[in-house]
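# Commentary on secondary and tertiary structure
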Amino acid sequence: MTSLDPHQPFELEIAVCPDDIDLLDHVNNVIYLRWVQDAAVAHWVAAANDEEKAALLWVVVRHEIDYKRPATAADVVIARTWVGEADQRTFERHTEIIRKRDNKLLARARTLWRPIDAVSRHPIAVDEQVYQRFSSNHASS
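All of these numbers come straight from a predicted model, not from anything done at the bench.

With that settled, consider unusual backbone geometry. Backbone geometry places D25, a non-glycine residue, at a positive phi of 65°. Note on placement: D25 falls in the loop between β1 (10-15) and α1 (29-47). At R121, a residue that is not glycine, the phi angle is positive and equals roughly 65°. Summarising the element assignment, R121 is placed in the loop between β5 (104-117) and α3 (128-133).

In structure tokens:
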């Protein structure tokens, strides 16, 4: 049994670290992508059952990100993520990075993920249960 509905947005709080800051005194763009990935992984771990976690791993096949505002050294951000549309081989995920203190949108991302078999490490089509639970095509009403 899982403790989280995968169709509901999932939030991960992240404190900006000194190593996240670049020469322009704000969070480097690459760090935003790390946060997108960290939020997706945390959501999967929280929402997937033990059998799913043992059988599947996920790899990114595409990132699209729009940077809206910079984050700085003193910031704490919220990475909010939710599942999007999917077929049985490619799963869309959306993520927003929001500054906690003022709720300002810092970045928005759309990522495509591919499920792979945890043992063979080859791409696979997921079963109907995973497909329905982790895509908005089948979101609960």
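So, on to the environment of L105. Among the structural elements, L105 can be located in strand β5. The class for L105 is buried, based on a relative accessible area of 17%. On a C-alpha basis, the gap between L105 and I31 in space is 16 Å, while along the polypeptide they are 74 residues apart. Not counting residues up to four positions away in its chain, the partners in contact with L105 are K68, R69, E96, I97 and I98.

In this sheet, β5 lies alongside strand β2 (residues 56-67) in antiparallel orientation, the contact comprising 11 bridges. Paired with V60 across the two strands is W113, which belongs to β5. Pairing analysis gives nine bridges linking strand β4 (residues 91-99) to β5, with the strands arranged antiparallel. Each bridged residue has a counterpart across the sheet, and for H94 the counterpart in β5 is R110. Here β4 hands over to β5 after four residues, with N103 in that stretch at a positive phi of 60°.

What follows concerns the nonpolar core. If you look at the biggest cluster of nonpolar residues, it comprises 14 residues, and the most contacted ones within it are W44, L56, W58, F91, V126 and F134. Sort the elements by how many residues they give to this core and α1 lands first, with three residues. Setting aside its immediate chain neighbours within four residues, F134 contacts P6, W44, A47, A48, E52, V83, G84 and F91.

Each value, and the rule that gives it
- Residues numbered from 1 in each chain as written.
- Predicted model: local features only at pLDDT ≥ 70, side-chain atom pairs only at ≥ 80, totals over all residues.
- Heavy atoms only, no water.
- Helix = DSSP H or I, 4+ residues; strand = E, 2+ residues; numbered from the N terminus.
- Buried < 20%, exposed > 50% of the residue type's maximum accessible area, 1.4 Å probe, protein only.
- Contact = heavy atoms within 4.5 Å.
- Pairing = 2+ DSSP bridges.
- Core = buried A, V, L, I, M, F, W, Y, C linked by side-chain atoms within 4.5 Å.

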